[in-house]
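Descriptive structure summary
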There are 2 protein chains.
Amino acid sequence: MIEVKLPDGAVMKVSSGTTPMEIAESISSGLARNVLSAAYNDKTVEANTPLVENGDLVLYTWDQKEGKQAFWHSSAHILAQALEEQYPGIQLTIGPAIENGFYYDIDPGDHTVTEKDFGLLEKRMLEIAREKHPFVLRSISKSDALAHYTDQKNSYKVELIENLEDGSITFCDHSDFTDLCRGGHLPHTGFVKAVKLTNIAGAYWRGDESNTQLTRIYGISFPKQKLLTEYLNMLEEAKKRDHRKLGAELGLFTFSKKVGQGLPLWLPKGAALRERLEQFLKEAQRKAGYEQVVSPHIGHKDLYVTSGHYEKYGADSFQPIKTPADDEEFLLKPMNCPHHCEIYASSNMSYRDLPIRYAEFGTVYRYEQSGELHGLTRVRGFTQDDAHIFCTPEQLNEEFKAVIDLVLYVFGSLGFEDFTAQVSLRDPEKPEKYIGNTENWDKAEKAIINAAQEKGLNYVIETGEAAFYGPKLDFMVKDALGRSWQLGTIQVDYNLPERFDLSYKGSDNEFHRPIMIHRAPFGSMERFVAILLEHTGGNFPLWLTPKQVNILCVSEKHEKYAKKVSELLENAEIRALVDNRNETIGKKIRESEVSKVPYMIVVGEQEAHQNMVSVREHGGKDHGSMPVSEFVSLLQGVVDQELKTFEP
Amino acid sequence: MIEVKLPDGAVMKVSSGTTPMEIAESISSGLARNVLSAAYNDKTVEANTPLVENGDLVLYTWDQKEGKQAFWHSSAHILAQALEEQYPGIQLTIGPAIENGFYYDIDPGDHTVTEKDFGLLEKRMLEIAREKHPFVLRSISKSDALAHYTDQKNSYKVELIENLEDGSITFCDHSDFTDLCRGGHLPHTGFVKAVKLTNIAGAYWRGDESNTQLTRIYGISFPKQKLLTEYLNMLEEAKKRDHRKLGAELGLFTFSKKVGQGLPLWLPKGAALRERLEQFLKEAQRKAGYEQVVSPHIGHKDLYVTSGHYEKYGADSFQPIKTPADDEEFLLKPMNCPHHCEIYASSNMSYRDLPIRYAEFGTVYRYEQSGELHGLTRVRGFTQDDAHIFCTPEQLNEEFKAVIDLVLYVFGSLGFEDFTAQVSLRDPEKPEKYIGNTENWDKAEKAIINAAQEKGLNYVIETGEAAFYGPKLDFMVKDALGRSWQLGTIQVDYNLPERFDLSYKGSDNEFHRPIMIHRAPFGSMERFVAILLEHTGGNFPLWLTPKQVNILCVSEKHEKYAKKVSELLENAEIRALVDNRNETIGKKIRESEVSKVPYMIVVGEQEAHQNMVSVREHGGKDHGSMPVSEFVSLLQGVVDQELKTFEP
């Protein structure tokens, strides 16, 4: 008999050799139907792996990323089988699960794999699935494994096996198909109910350009047809919401080859949106006791030698900026913290001055390979909504909670309702990996966890995931399409105060080292605007949107009245523009819809005569006609609903 | 007889050989008393140079910079005479007039010149002055001139003479002193009524470090004792108002060696001040139809090859930023215009879209020698309040006037009442020096002059001073100490639209080249804040000042009432801070005075009881006690007075 402990703390006594699936069945048949894979004592196992020692068991379903991983990894095996049947003589290489789906890289030999074959391949995969072949993992000796693939003339697998240790090698069989594999599969192929092959691409063997180019086939699979349909709809919608597409359509930003890849140019509407976001956060930060500072975009080499960044400045970075003076070189700043440390260091600080909170919308530059660049989410220059809090160890708790309040206020004001948090702590068994004394780390980690609890965050703790300089809290938000984005980070730092020899005079008249908190609720203006675009599909919250109202003249005769309405709106700080072009009102309404302006008001003979406006909302809702003052109240009501005042 | 034409157009017929002084005397004895020097046919002459041909005569008095120059140049001769007498055997080198005063560089030989001797030297100079020795310029052959200084063993003068052309060499005699000199003197030494030697410094012969180090003696002189007194007071006041000193005292900005020389760090109070200035200008620009854009601080080499700046990027600049990609290098942006051209070029423009006005508070970087750096006025990184207007030739007139309106609004709101303008036009005789066709230049120059006239500017026209790419208008403001600063520039540019191949579709359906206007009312945030600090001595306009009100508690008991008052003020958007330290009210008032906070309100027993505040203005004025609402009105009245709404 062995003891198996479940995540809820329950301990089951079962005979040695019992499988996770059998345990699931003993709990409930509903659970058993959904179990895809498992972990035992923190190691991935199959649902049908016999358990032979005491341990902790976690059962994974589709709802966990580990469950999806087993699902997609198994689907890659099915794909490989279908490919071998379809294209005899191809050589299989590797086929992992990825974030969304899976792929298999093959050396097609004389075959040419094209998307035209996807239908056939998908059909065959579903046949294999319906046959409910169990996945069976078996150990094999290195010599037998080598013999197997030498036989098949598969030099790729041979190369892989040569790098493995004898005794640790396993093959996985299903149906009449066998693959070299470490494990982590579904119980059988029958779980796969829907399959979609999505793409073909070239890929170098082991990612090295000097190796053979292979063919990579991407796919995704699901336990229900409905989930595939939803996924495809989501992809379709994501394409429509691609921030690069929307950014161009809405005239928010552009790129220029001459200015350089990855260096966004913010067009007037985008710059206005960004300014509004900045002012919104500045105002909240002012209330929370932050002070703005301004620092240059370059720093002397000495600054980065002190901060420790200079050492890490490799050949893959923007190179140093030389000057006529031999001993003087500058770096484009990759972060704002060293500058803020120098601002702190410019005064003699006392405990009475702390906490000090320096905020800056600081533009930083980091070199990315051109292939990695992507719209506003992966750029070479971006503006962080950065701030650094310098405080005493005793203040850390309160400061951390205050930062969480601010981050939650930001998310709420921008319509991100669904988020989780991750607390990253040090590995207590490897103290040598971290800077700062144990007592302070204890304090800081407790401060973060307390703060997360008190603020009622939905959080997970990841031990060993802290940075060497301190623990941290990261927020993951889900967008309207269910995609997760990391947004908002709060990090404790013991390192920079040490390196910059920062101090404050305590009430004991001695000098002490302050603790530093780095935080950025948006992360960067570029990435945030990109995510907001994809989240809202360009239908920004009313308070934020560049143009709130289109005033559409029925004909040129009504321009004068339209101008009057426009002025009334401007006085109420509503952003409106008159469309007095010589076009039909129908066309004007359609164009206003496309440009996603939240409200249109139509002014014609009747409206001018009655001193009213006819109000239509983006998306078609008709509010009928009303006096301008009522329209102003309507809009102000919406804005008040969206944008609460921050009360720290 | 010759004909002499005066600046007012009057023509006098006088006999050949008449001197400018004689002509002055014939006009009025008052004028004659004030004439210091003259120009004949655009060449500097002495007041006693005989005129022997027809020509244009300008007489210079102390009020013209040419008059001061003759005055100070002549004073350098007097200094040289006094030096030779005081330190026999020294070698004279050069002694020019400078912007404020003059200097003489000497090789002191065995002597050591110290400031202790200044009294004796000044006394001797005034003696020489009182003796009214005429300055007499005489021609001398090169060989005689060389013989004279070889005799004196003065290798410096010998070197100077060797580089002169025989026939063009003159000596100037006064008293028993002779110097090599090109001319431009007072009639006689008696004009000098007050002298002050100000400084001693080292200076290399011909400014070259590899040459002998000479001793430079600086001085200044005046035609009236009173002017010297005023000057010394002004120097004293300027020292107090030095923006570097005030910037540190008021906690506005700092520098860090680690961050790098010439790269300001804006502290919280400075950053808030700067933000307020930016918002002020942004609001005015919004009303004037500008749109904000945001561009990166670096640009690909190609951008600057296109703009033409890359060629000019020499060894004395920040060097290019290399990257891992061989064909990719970036420059720190030295100006924003190329980026704005690319923003313009990103859309298809029609004449209906013009004028386009892109504004950006764009931070640019230009390398300056470390010896040239000076506080915020000479830095390596600065933020221009930049904007670029793209318009049709027909729109240039209106756009130019609108820019002048904006500049004047900025000056008025910041207390700069005294300014002049300079219109720089092309040299019509050298059309090859300029880009753009004559017709457009004519239009642009007319537009500028018309605009300057219509706006009633006090302006001068400088022909031949235009940039190669277009004519311009510069503003010079006088600060409270009478010093002139260049602030605000408006430039027409035909070059960049050409180089970036910018176009718009005209009403004729053809493509046309837009004209570009560069303009910056502040110039740069750094320089403007420096000038504003020196102009106001740190007593900023109330609307702008970081902290408007200090709330001084008589004792800790009154803190609660002070907080209440503080909240009332905050609700009225007045920036106030409570001083509840355990210090005497006298000390708090004194410290508030030093920190230049415009208003203090004292809250004690009586005020709390009566729900009033006692108001004192910076500088001592006592406003007595009043309800908070009345105090708010008082402040709002002052702000309304200072800061008019911009009505373009």
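Computed from a prediction, not measured in an experiment: that's the story for all the values here. (Residues numbered from 1 in each chain as written. Chains lettered and ligands numbered in written order. Predicted model: local features only at pLDDT ≥ 70, side-chain atom pairs only at ≥ 80, totals over all residues. Heavy atoms only, no water.)

Take the sheet that holds strand β23 (residues 459-463) of chain A next. Strand pairing in a sheet relies on backbone hydrogen bonds, with the paired strands running either antiparallel or parallel. Residue and element names in this part refer to chain A. Strand order in the open sheet formed by eight strands is β16-β20-β21-β28-β25-β24-β22-β23, and the pairing between neighbours is mixed. Since the sheet does not close on itself, it has two edges, and those belong to β16 (291-292) and β23, each with one partner. Of the pairings in the sheet, the one linking strand β21 (residues 381-391) to strand β28 (residues 515-520) comprises five bridges and is antiparallel in character. Following the sheet pairing, Phe390 is matched in β28 by Met516. (Pairing = 2+ DSSP bridges. Helix = DSSP H or I, 4+ residues; strand = E, 2+ residues; numbered from the N terminus.)

Turning our attention to empty space enclosed by the protein. Tallied over the entire structure, the rule returns one cavity of 30 Å³ or more. Within this model, the largest cavity holds a volume of roughly 850 Å³. Along the walls of the largest cavity sit 47 residues, with A:Glu278, A:Phe361, B:Arg274, B:Glu278 and B:Phe361 positioned nearest its centre. Split into classes, the residues belonging to the lining of the largest cavity amount to 19 nonpolar, 15 polar and 13 charged. (1 Å grid on protein atoms, 1.4 Å probe; cavity = no way out; pocket = protein on both sides within 12 Å on 5 of 7 lines; lining within 4 Å. Points joined across faces, edges and corners; volume = space filled by probe spheres on them. Nonpolar A, V, L, I, M, F, W, Y, C, P; charged D, E, K, R; others polar.)

Across all of its chains, the model carries 80 salt bridges over all chains by this definition. One salt bridge connects A:Glu237 with A:Lys240, and the closest N-O pair in it is separated by 3.7 Å. Taken together, the positions of A:Glu237 and A:Lys240, both in helix α7 (residues 225-240) and three residues apart, correspond to about one turn of that helix. A residue is classified by how much of its surface remains accessible, and A:Glu237, at 25% relative accessible area, is partly exposed. Two residues, B:Arg426 and B:Glu445, come together in a salt bridge whose shortest N-O distance is 2.7 Å. Here the residue B:Arg426 occupies a position in the loop between β22 (419-425) and α14 (438-454), and B:Glu445 occupies one in helix α14, the gap between them amounting to 19 residues. The residues B:Arg426 and B:Glu445 share a single accessibility class, namely buried. (Salt bridge = Lys/Arg side-chain N within 4 Å of Asp/Glu carboxyl O. Buried < 20%, exposed > 50% of the residue type's maximum accessible area, 1.4 Å probe, protein only.)

As a further point, take the pairing of strand β19 (residues 329-332) of chain A. Residues in a regular strand point their side chains to alternate faces of the sheet. Residues and elements named next belong to chain A. Residue alternation in β19 divides its side chains into two sets, Glu329 and Leu331 and Phe330 and Leu332, and both sets are buried. Pairing of strand β17 (residues 298-300) with β19, which is carried by three bridges, proceeds in the antiparallel orientation. Note on β19: the bridge partner recorded for Gly299 is Leu331. The sheet contact formed by strand β18 (residues 321-322) and β19 spans two bridges and is antiparallel. Residue Ile321 lies in a different strand from β19, and its bridge partner there is Phe330. The loop that links β18 with its antiparallel partner β19 comprises six residues.

Before going further, it helps to examine the interface of chain A and chain B. Taken together, the contact between chain A and chain B spans 57 residues of the former and 57 residues of the latter. Between chain A and chain B, roughly 4,300 Å² of surface is buried when both sides are summed, and carbon and sulfur atoms account for 64% of that area. By the criterion of area lost to chain B, the three top residues of chain A are A:Lys258, A:Val294 and A:Pro324, representing 14% of everything that side buries. Along the contact surface separating chain A from chain B lie six salt bridges. (Contact = heavy atoms within 4.5 Å. Buried area = accessible area lost by both parts, 1.4 Å probe.)

Here we take up the domain arrangement of chain A. Splitting chain A by domain gives domain 1 (2-61), domain 2 (66-238), domain 3 (276-536) and domain 4 (549-644). Put simply, the middle of domain 1 of chain A and the middle of domain 4 of chain A, counted by C-alpha atoms, are 63 Å apart. (Domains from an automatic or database assignment.)

Turning next to the packing of aromatic side chains. Under the criterion given, the structure shown has 49 aromatic pairs over all chains. Taken together, the ring pairs in this structure connect A:Trp62, A:Phe71, A:Trp72, A:Phe222 and A:Tyr231 into an aromatic cluster. Note that A:Arg216 overlies the ring of A:Tyr103, its terminal NZ or CZ placed 3.8 Å from the centroid. A cation over a ring is seen here: B:Lys68 above B:Trp62, with NZ or CZ 5.3 Å from the ring centre. (Phe/Tyr/Trp six-rings, centres within 6.5 Å; stacked < 30°, edge-to-face > 60°. Lys NZ or Arg CZ within 6 Å of the ring centre and 35° of its normal.)

Rotating chain A by 180° and moving it 0.1 Å along the rotation axis overlays it on chain B with an RMSD of 0.3 Å. In the structure described here, the two chain copies are related by an operation that fits a two-fold rotation axis. For chain A, the residue whose C-alpha comes nearest the rotation axis is A:Ile321, separated from it by 2.8 Å. In this assembly, 100% of the residues forming the interface of chain A have copies in chain B that are likewise at the interface, indicating an isologous arrangement. (Least-squares fit on C-alpha atoms with pLDDT ≥ 70 in both.)

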